[in-house]
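For reference, the chains in residue letters:
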Amino acid sequence: MMSDLPDRRGEMRASNADRDAVVQRLQEAAGEGRIDLAELAERVDRALAAKTYAELEPLTADLPSARVIDQGEPLVLKGGLHGASRTGRWQVPAQISAHGGMGGVKLDFSQVDCRLPVIELEAHGQLAGVTIVIPEGWSAETDDVDPGLGGLKDKTTPDRHPGAPVVRLTGTGGAAGVVIRHPNAWERRKLRRNR
């Protein structure tokens, strides 16, 4: 049976995530040449000031739906005796599992081009630990990590750029622990040289 009540979705309050998603779609549309920079700036201003869905929806109504992002095959890294790492430019999947083993694991996201909104990362420090490096502007959610003996060190800042990925961390610190941080001074210098 159809309801006689009008659709009230437009009156519902928009969240920060809703506004960020619209801004990201507008930036993609500008990159595709669908809107120019002046129109991008005007629409972004309106998106950031929007309080309801009714104010957000017209901003992308004339744009095609956003591309479906390839989630990729889950990645499993095992440190074993000699360690394992992913550094430089690599394809980031939506799900990653890292096991420090006796050699340790390092995941460095600082040079990747990732359009995923969320990366689910399960880390187990075990005997040698897991180190995760994320770019400035990315954020981390670490509340679901069991610190174990080695603990969890979250050295990231909460400042997330609109549209930047969130790394949702789970797992256990094990004996050696799990560290998530932004690039250190040496890594930042190396990144500048590589550019």
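Residues numbered from 1 in each chain as written. Predicted model: local features only at pLDDT ≥ 70, side-chain atom pairs only at ≥ 80, totals over all residues. Heavy atoms only, no water.

Peer 1: Sorry if this is basic, but what is going on with the sheet that holds strand 6 (residues 130–133) here?
Peer 2: Sheets are built from strands that pair by backbone hydrogen bonding, the pairs being arranged parallel or antiparallel. In spatial order, the strands read 2-4-6-10-8; together these 5 strands make up an open sheet with parallel pairing. One side of each edge strand has no neighbouring strand; the edge strands of this open sheet are strand 2 (84–86) and strand 8 (152–154). Sheet twist, expressed as the mean angle between neighbouring strand axes with direction ignored, is 5°. With 3 bridges connecting them, strand 8 and strand 10 (residues 178–181) associate as parallel partners. Looking at the pairing, aspartate 154 lines up with isoleucine 180 of strand 10. (Pairing = 2+ DSSP bridges. Helix = DSSP H or I, 4+ residues; strand = E, 2+ residues; numbered from the N terminus. Axes fitted to C-alpha atoms, helices over the stretch in contact; angles between N-to-C directions.)

Peer 1: Just to check I follow, could you spell out the packing of aromatic side chains for this structure?
Peer 2: We describe a pair of aromatic rings using the distance from one ring centre to the other and the angle between the two ring planes. For the structure shown, the criterion picks out 2 aromatic pairs. Consider the rings of tryptophan 90 and phenylalanine 109, whose centres lie 5.1 Å apart with planes at 45°: the pair is tilted. Taken as a pair, tryptophan 90 in the loop between strand 2 and strand 3 (95–99) and phenylalanine 109 in the loop between strand 4 (105–108) and strand 5 (118–124) lie far apart in primary sequence, 19 residues in all. Of the residues examined, tryptophan 90 reaches a relative accessible area of 12% and is grouped as buried. Ring centres 5.6 Å apart and planes at 45° place the aromatic pair phenylalanine 109 and tryptophan 138 in the tilted group. With a gap of 29 residues between them, phenylalanine 109 in the loop between strand 4 and strand 5 and tryptophan 138 in the loop between strand 6 and strand 7 (139–146) connect regions that are remote in the sequence. (Phe/Tyr/Trp six-rings, centres within 6.5 Å; stacked < 30°, edge-to-face > 60°. Buried < 20%, exposed > 50% of the residue type's maximum accessible area, 1.4 Å probe, protein only.)

Structural measurements only, silent on function.
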